[in-house]
Each structure stands twice: as structure tokens, then as C-alpha cells.
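The residues making up each chain are set out below.
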Amino acid sequence: MTQVSHQPWGEVADVGSVDLWVLQSSNVKVEVLTLGAIIRAVCCRGNNGQMEDVVLGYDDLEGYVSDKRYMGAVVGRVANRIAGGRFVVEEKEYQLEINNGPNALHGGLKGFNKAIWLATAVEDGVQLSLTSPDEDQGYPGEVKASVSYTLQGETLTAEYQASSTKTTPINLTNHSYFNLAGQVHDASNIYDHQVSISAQSYLPVDDTSIPTGEIRAVEGTPFDLRQQTVIGPRLKELPGPGFDHNFCLSGPKDPWAVRPAARVCHPASRRVLEVSTSQPGVQFYTANFLDGSITGKGGSRYGKHNSFCLETQNWPDAVNQASFPECLLRPGEIYRHVTRFTFTTV
């Protein structure tokens, strides 16, 4: 049985009031904000039996309002990068705002992560809904989107749905930063974490992090994470600052199904996070661009490689890459994806 409660958490000037929702089972407690549908905290037990928070974030609302790293938020209308911020849909070219080098990232300067969502209690959780108007951040069509967070025992489920009045690209994910040591008030690096990702291939990227179009087998590369791998030593084998790559969980012609995606273990606390999803990809990101300038929970300075993200999503820049899985949502269709996060110990 999951207990669900909520309370006011503050006001955002010229935007509205923000509520904090709490989902509590016997094993896990999850805190959710109506701002950005943000997962503010996930508290779960380690080998000492204590409930500790494993999600990075901020102590107050102002931290999330000014945040530029998408801490815990649902990002959209299109997660990840679109090359040049340009795409063509039904013979019309659209130009988005550029907010990541030469590219558009995570929906724009005022994407879904900066909106206040409407919250409604559902069994074992909360549903958050949002209407994105036609031409919002440059995207076509009015989109009605929702994410339901439900907690059953040790498993947090995020179910995304959307519809649109015009054909539009869409790609929704949650951008939580995890550190399973449970010391997010004093988050150290994740070099001792062990990760496995259920992917036979990944997407190489150019120097602006746009996929080149190649789908490359992981075998014989540092991207082979099919067996449990210690993160620290593996990071030293990578040519760049760390992992920020899409791992291919399924192909363009594979049927919709919830599949195992990733497993991360922190041996010292014995905490385990397992992720499964219906999405065709997962972006494994090792917080390469946190630089100590962000003051997070308890005054902690969040630095490089002190956390990881497992962003379940469609493949990046799919709207411009015909060989990638379909990312267009057409009028009359329903976009639906499910991701499950299970928190246990070994």
C-alpha cells in the first residue's frame, strides 16, 4: 500500500504555485514537484537499513527555478539534441531556439522542465498534465502531455502519454541524476558504481554530440557494458569527458515492449537500481558537465562524475535521421511509453 500526500512548496513569480507530492511505500519514498514534473528525492534503504536519498537536487524551490542542468525534471517536447535546431515535417521546415552549442537540447530554453504541471491523485501515485501550445519553443501543434508516477513496493513507474493537433516530433524522459551511495548532501564521485546496459549497439556522435548516423556494435569497445562494469576505470578508456551516449535497446522495427535497460550497483551500500523501459534507447550520462558551480542539497557542490543519468528515450536527432526509430506523433495518435525504476539491495 502506497501513501500519497501533497503540500504547497512555494510560488514561482509570473508562473504560479508549486506543490510537493510524496509517495511512500514500505521500502521507498519519492518526492515529486509540480514544477517540471521533477523527481525531487528518492529515499531507499542501503545495507545499514537507513532510508537515504539517491537523487541530486536542491533544498529549495529557487534552486529548481534557476537550474540549467534539468535536475530530476521531465524534459520535452523533445529530449536530447536536434542537429542545428532544425527539422522538416510534412515539407515545412521548423527552426528551434539554439541552446546547446549549435543544437537544440531538451525542448528549448523554456521546455517542459520549466512549466508547472497540473497534478491529480491516482492509485499509488500522482498524474501530472501539461498543455503545450502550438509553436511552443518553435514546435508544431498543441500537445497535451502527461506523466504518471506510481510507486508499488520497490518500483517507481513513470508512464508518459501525449497527443497533438499537428504532426510533431516528441520524445519525453526524466532527467534524474543518481548517486546510489545515498550521500547526495555530500555527493562524491560514482567511480565505484558498477553498471550494465542491455545493449548490443550504441550511437557514435560528432564533436557536438549529434549521432553520426552509424549504429555501431559495442563489442570490442569501451561501450560494451553488457556485463557489470566498474564505472571509474571504464571512464579512463573513453576518448571524451565521459559517457553521454545513446545505447540502442531495440531497433526501428521492433514491437512496443517493456525491456530490461540497465542495472547499477553501489557495492559499499549494496544499493541496486534496475531500469526497464518501452523506449528504444537509453542515454547513459555520467554528469560530465557538472563543474562544482552548482550548490545542491545540504550545500553540496555538485562536480564532474558525481552522479549518473539513465535517460530512457528515443534515439537523439531521430527527426533528422530516417534510419532511426520513428519520433513523429500525428493527430489522432497516442504517444505512450513506460519506464520502471526498481530500488533494492544485494
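These numbers were taken from a predicted model, which means no experiment stands behind them.

1. So, the nonpolar core
Line of reasoning, step 1. Formed by 58 residues in total, the largest nonpolar core has its most connected members in Tyr 149, Ile 197, Phe 247, Phe 284 and Phe 343.
Line of reasoning, step 2. Ignoring any residue separated from it by four or fewer positions in sequence, one finds Ile 197 in contact with Leu 225, Arg 226, Phe 247, Leu 249, Ala 261, Ala 262, Val 282 and Phe 284.
Line of reasoning, step 3. In terms of nonpolar packing, the next biggest core, distinct from the first, is built from 21 residues, Val 18, Leu 20, Leu 56 and Ala 287 among them.

2. Comments concerning the packing of aromatic side chains
Line of reasoning, step 1. For the coordinates displayed, the defined rule picks out 17 aromatic pairs.
Line of reasoning, step 2. Ring centres of Tyr 58 and Tyr 64 lie 5.0 Å apart, and the angle between their planes is 85°; on these two criteria the pair is classed as edge-to-face.
Line of reasoning, step 3. Take Tyr 64: its relative accessible area is 2%, and that puts it in the buried class.
Line of reasoning, step 4. Centroid distance Tyr 177 to Tyr 285: 6.2 Å. Interplanar angle 70°. Geometry classified as edge-to-face. Residue Tyr 177 is found in the loop between strand 16 (173-174) and strand 17 (194-197), and its partner Tyr 285 is found in strand 24 (residues 281-285); the two are separated by 108 residues along the sequence.
Line of reasoning, step 5. Of the residues examined, Tyr 177 reaches a relative accessible area of 2% and is grouped as buried.
Line of reasoning, step 6. One aromatic cluster is present, built from ring pairs that chain together Tyr 202, Phe 223, Phe 243, Phe 247 and Phe 284.

3. Examining the layout of surface pockets
Line of reasoning, step 1. Empty space within the largest pocket amounts to approximately 410 Å³.
Line of reasoning, step 2. Taken together, 23 residues make up the lining of the largest pocket; nearest its centre are Trp 256, Pro 280, Asn 314, Glu 326 and His 337.
Line of reasoning, step 3. Elements supplying a minimum of two residues to the lining of the largest pocket: strand 28 (328-329) and strand 29 (335-345).
Line of reasoning, step 4. A per-element tally of the lining of the largest pocket places strand 29 first, with three residues.
Line of reasoning, step 5. Grouping the amino acids of the lining of the largest pocket by side-chain chemistry returns eleven nonpolar, seven polar and five charged.

4. Notes on the UniProt feature "binding site: beta-D-galactose" (unreviewed entry) in the chain
Line of reasoning, step 1. The UniProt record annotates "binding site: beta-D-galactose" (unreviewed entry) at Asn 80, Arg 81, His 175, Ser 176, Tyr 177 and Asp 244.
Line of reasoning, step 2. By the secondary structure assignment, Arg 81 is in strand 7 (residues 81-82).
Line of reasoning, step 3. We classify Arg 81 as buried; its relative accessible area is 8%.
Line of reasoning, step 4. Arg 81 has contacts with Asn 100, Asn 103, Ala 104, Leu 105, Thr 208, Ser 209, Ile 210, Asp 244, Gln 283, Pro 316 and Asp 317, leaving out every residue within four places of it along the chain.
Line of reasoning, step 5. Note that His 175 resides in the loop between strand 16 and strand 17.

Thresholds applied
Residues numbered from 1 in each chain as written. Predicted model: local features only at pLDDT ≥ 70, side-chain atom pairs only at ≥ 80, totals over all residues. Heavy atoms only, no water. Core = buried A, V, L, I, M, F, W, Y, C linked by side-chain atoms within 4.5 Å. Buried < 20%, exposed > 50% of the residue type's maximum accessible area, 1.4 Å probe, protein only. Contact = heavy atoms within 4.5 Å. Phe/Tyr/Trp six-rings, centres within 6.5 Å; stacked < 30°, edge-to-face > 60°. Helix = DSSP H or I, 4+ residues; strand = E, 2+ residues; numbered from the N terminus. 1 Å grid on protein atoms, 1.4 Å probe; cavity = no way out; pocket = protein on both sides within 12 Å on 5 of 7 lines; lining within 4 Å. Points joined across faces, edges and corners; volume = space filled by probe spheres on them. Nonpolar A, V, L, I, M, F, W, Y, C, P; charged D, E, K, R; others polar. UniProt positions renumbered as here; feature names shortened; annotations may be inferred.

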